[in-house]
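Each chain, letter by letter, is given below.
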Amino acid sequence: MTNERMKAIKIVDELIAYFFAHQLTDLTIDLNYGLSQLEISVQGSCDQKPDDLDQLKEVLNSERQEELEEYYSSLLGESRNYHELNLLGALVDSADISYQNQQLSITVYRKRS
Amino acid sequence: MQKSTEYKSLSIARALKKEEIDVMKIEERVKYAIMTIFAAILAGSAFIFNNLSEIIVGMGEIAIAPSILVTDYMVVGNIGASLFNAGILMLISIYLAYKNDVNMNGPVIAAAFTIAGFALFGKNLFNIWPVILGVYFRSIYEREKFSKLLLPALFGTALGPLVSQVSFGFGLHPVLAIIFGIFVGILAGFALPPLANHFVRFHQGFNLYNIGFTAGITGMVFMAIFRSFGLDNPNTLLVAEGLNRPFTIYFVIYFGFMLMIGFVLNNRTFNGYAKLMNYSGRLVTDFVSLNGFGLSLINMALLGYLSMAYVLMVGGEFNGPIIGGMFTIIGFGAFGKHLKNVWPLFVGVYIASLLKIWEVNSTAALLAALFGTTLAPIAGGYGWFFGIIAGLVHMAMVMNVGGLHGGMNLYNNGFSGGFVAAILTPLFDSLKRFKGDADY
């Protein structure tokens, strides 16, 4: 499998880990591995808006840092004890995050170089 | 997914992103300029200690030194030449980052200062290039941009002594030795990127000097092969003494300058420092992205003062390796280390030195204390008590693993730290002690 596809799998892992950490287990995952960009959307029902959602938005919309990809990307989605959201933010170009009608939706975009 | 809404949202995000990038570009220029000034000061200050001809002669002696651990370039060459070597190598690192359009963020700052630090005792203008070239060949082989492999290339120069020892230390035919030295350096550089990405999982990011562990394993393999041909490295401990007075003054000013710039860039405040100290520091914690360049400089300067105070308080000597340790700490002040997660490691190594067979102010014990802060994320993630335990274990481990690579890997503490983190963190996790980051 190509490196890029492995990264897609790890990004999904990390997003699921975030939802699970907030006790959200009924999820819809939509993945579009396009020619120009990877787009992953995860949605789930959520009674309360997670406290850290604004921070998550900030982190996932921080600038992509390509230099971290080949060095640290294997940490993504790897551990059941720690989150790698900073690293996730470095691997994606931008993210749309919304909480409406008790539905939490996170979509991340990663341009394919 | 409702595609139309998604694409609209995406276009807004892209537009916002573009504005953000434009702002960042201006900031990048400032960051690059400041880092260049720090490197230029280092190179320029060589002339305080020696004149031009002495520096040139010293640089030549440094370039042909086998450079295995621990070889103080202040002894091999002279003080001026080693500082000049440090400044030039740091400038090269900054230039490589700039040329490859990499942002001057935490990891790059850490790499630049680490290279500067180790250019006082093991890296030089000759031995860094084969490793960098090997990583470059890897990028060509994988059809990836070199920028993606810049960090393994910069940190990978830890294997500089592999190149130098083969070229000048094994007593082979001079020309063939240099060719062979360059070849093994390229080979090691080519192997490093996939290994580094693989081994980071071993310690789960709790060992900040990840390449140290990777280079330790790589150096161990090369050394085992060399030994099977009857080639071995001598035990080396070559360190300068009697330089505490000039270097205390020097670093009070150097760190003061860093603190002042950080203070100005952080809107003339220390605001945010308490938040910065809430991060565990585990890989990947880029303080520049998370907390800003100014606050990172403040943190780096404070860590510089703390390490300097530790060395002086235990009666240690400032020399190439010790100053190298201080530079590495300040570099990682932008990438995982802060006052709160560093001090337990100092205490752990200090207690170990008191209880065990090593003198607390010996170069080896001081190096273990300074570079032992590679395990700072353990203190940051599990608490100070566990950080002290990590320091105690690290002190014993680091004195035992150097022989495996025969001093070919300059980041011996990173090698040891990888084992310590891999052993301790699953145990601490089993006790459910990970506190996590306060936020991310």
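Residues numbered from 1 in each chain as written. Chains lettered and ligands numbered in written order. Predicted model: local features only at pLDDT ≥ 70, side-chain atom pairs only at ≥ 80, totals over all residues. Heavy atoms only, no water.

1. Side note on the overall build of chain B
When helices and strands are counted, chain B shows 21 helices and zero strands. Against the globule reference of 22 Å for 440 residues, chain B gives a C-alpha radius of gyration of 21 Å, in line with a compact fold. Taking all 440 residues of chain B together, the buried fraction comes to 60%. A sequence separation of at least 24 residues applies to 82% of the contacts in chain B between residues at least 6 apart. (Helix = DSSP H or I, 4+ residues; strand = E, 2+ residues; numbered from the N terminus. Rg over C-alpha atoms; globule rule 2.2 N^0.38 Å. Buried < 20%, exposed > 50% of the residue type's maximum accessible area, 1.4 Å probe, protein only. Contact = heavy atoms within 4.5 Å.)

2. Description of the pattern of salt bridges
Counted under the stated rule, the structure contains 14 salt bridges over all chains. Two residues, Arg138 of chain B and Glu142 of chain B, come together in a salt bridge whose shortest N-O distance is 3.2 Å. We classify Glu142 of chain B as partly exposed; its relative accessible area is 28%. A salt bridge links Arg227 of chain B to Asp232 of chain B; the nearest nitrogen and oxygen atoms lie 3.0 Å apart. Taken together, the shared-partner salt bridges in this structure form one network comprising Glu4, Lys7, Arg64, Glu69, Glu70, Asp93 and Arg110 of chain A together with Glu144 and Lys148 of chain B. (Salt bridge = Lys/Arg side-chain N within 4 Å of Asp/Glu carboxyl O.)

3. Remarks on helix α5 (residues 79-99) of chain B
Residue and element names in this part refer to chain B. With 21 residues, α5 ought to run about 30 Å at 1.5 Å a step, and its terminal C-alpha atoms sit 30 Å apart, in line with that. Of all 21 residues in α5, 15 are buried; the element is thus mostly enclosed. For α5, the side-chain oxygen to backbone nitrogen distance between the N-cap and Gly80 is 3.3 Å, and the N-cap itself is Asn78. Positive phi appears at Asp101, one or two residues downstream of α5, with a value of about 60 degrees. (Expected span 1.5 Å × (residues − 1). Polar contact = N/O pair within 3.5 Å; in protein donor to acceptor, adjacent residues only side chain to side chain.)

4. Focus on the environment of Asp101 of chain B
Residue and element names in this part refer to chain B. Structurally, Asp101 can be placed in the loop between α5 and α6 (106-118). Using a relative accessible area of 58% as the deciding quantity, one classes Asp101 as exposed. Between the C-alpha atoms of Asp101 and Ser147, which are 46 residues apart in sequence, the distance is 7.2 Å.

5. Description of unusual backbone geometry
With omega at -10 degrees, the peptide bond leading from Leu69 of chain B into Val70 of chain B counts as cis. In this structure, Val70 of chain B sits in the loop between α3 (52-63) and α4 (73-76). A cis amide bond links Leu283 of chain B to the next residue, Val284 of chain B, at an omega of 10 degrees. Following the sequence through the fold, Val284 of chain B ends up in the loop between α13 (273-276) and α14 (287-291). Here the phi dihedral of Gln102 of chain A falls at roughly 60 degrees; this positive angle occurs in a residue that is not glycine. Of note, Gln102 of chain A is situated in the loop between β3 (94-100) and β4 (103-111). Under the relative-accessibility criterion, Gln102 of chain A is labelled partly exposed at 44%.

6. Considering empty space enclosed by the protein
All names here are of chain B. Applying the stated rule across the entire model yields one cavity of 30 Å³ or more. Taken as a whole, the largest cavity encloses approximately 40 Å³ of empty space. Around the largest cavity, the lining residues are Thr114, Phe118, Phe155, Tyr209, Thr328, Phe332 and Tyr411. The class makeup of the residues in the lining of the largest cavity is five nonpolar, two polar and no charged. (1 Å grid on protein atoms, 1.4 Å probe; cavity = no way out; pocket = protein on both sides within 12 Å on 5 of 7 lines; lining within 4 Å. Points joined across faces, edges and corners; volume = space filled by probe spheres on them. Nonpolar A, V, L, I, M, F, W, Y, C, P; charged D, E, K, R; others polar.)

7. Some words on the interface of chain A and chain B
Counting from both sides, the interface comprises 42 residues of chain A and, opposite them, 48 residues of chain B. With both chains or domains summed, chain A and chain B bury close to 3900 Å², and 49% of this area falls on carbon and sulfur atoms. Across the chain A-chain B interface, the total number found is three salt bridges. A salt bridge links Glu84 of chain A to Arg282 of chain B, with the nearest nitrogen and oxygen atoms 2.5 Å apart. (Buried area = accessible area lost by both parts, 1.4 Å probe.)

8. Considering helix α16 (residues 320-331) of chain B
Residues and elements named next belong to chain B. Helix length check: α16 (twelve residues) gives 16 Å between terminal C-alpha atoms against 16 Å at 1.5 Å per residue, within 8%. Counting buried positions along α16 gives twelve out of twelve residues, so the element sits mostly inside the fold. Of the positions making up α16, those classed as buried are Gly320, Pro321, Ile322, Ile323, Gly324, Gly325, Met326, Phe327, Thr328, Ile329, Ile330 and Gly331. Its side-chain oxygen at 3.1 Å from the backbone nitrogen of Ile322, Asn319 defines the N-terminal cap of α16.

9. Quick notes on the nonpolar core
In this structure, Tyr72 of chain A together with Phe38, Met90, Phe113, Phe247 and Phe251 of chain B are the most contacted members of the largest nonpolar core, which totals 158 residues. Phe386, Ala390, Val420 and Ala421 of chain B belong to the second-largest nonpolar core, a separate cluster that totals twelve residues. (Core = buried A, V, L, I, M, F, W, Y, C linked by side-chain atoms within 4.5 Å.)

10. Section: the confidence of the model for chain B
Taken residue by residue, chain B gives an average pLDDT of 90. The fraction at 70 or more is 93%. Note on residues 1-26 of chain B: pLDDT is under 50 here. Beyond four places in sequence and across chains, it has 32 contacts. (pLDDT = per-residue confidence, 0-100.)

11. A few points about a nonpolar patch on the surface
Residues Leu133, Tyr136, Phe137 and Ile140 of chain B make up a contiguous nonpolar surface patch of roughly 350 Å² in combined accessible area. Judged by its relative accessible area of 35%, Phe137 of chain B falls in the partly exposed class. (Patch = residues over 30% accessible without salt bridge, like charges linked within 9 Å, V, L, I, M, F, W, Y side chains within 5 Å. Areas by Shrake-Rupley, 256 points an atom, 1.4 Å probe, with all protein chains shown as cover.)

12. Side note on the side chain of Asn233 of chain B
Residue and element names in this part refer to chain B. With respect to the helices and strands, the residue Asn233 is situated in the loop between α11 (210-228) and α12 (244-265). The class for Asn233 is buried, based on a relative accessible area of 11%. Reaching out from Asn233, the side chain makes a polar contact with the side chain of Gln165 at a distance of 2.9 Å. Here the side chain of Asn233 touches Gly406 through a polar contact of 2.7 Å, landing on its backbone oxygen.

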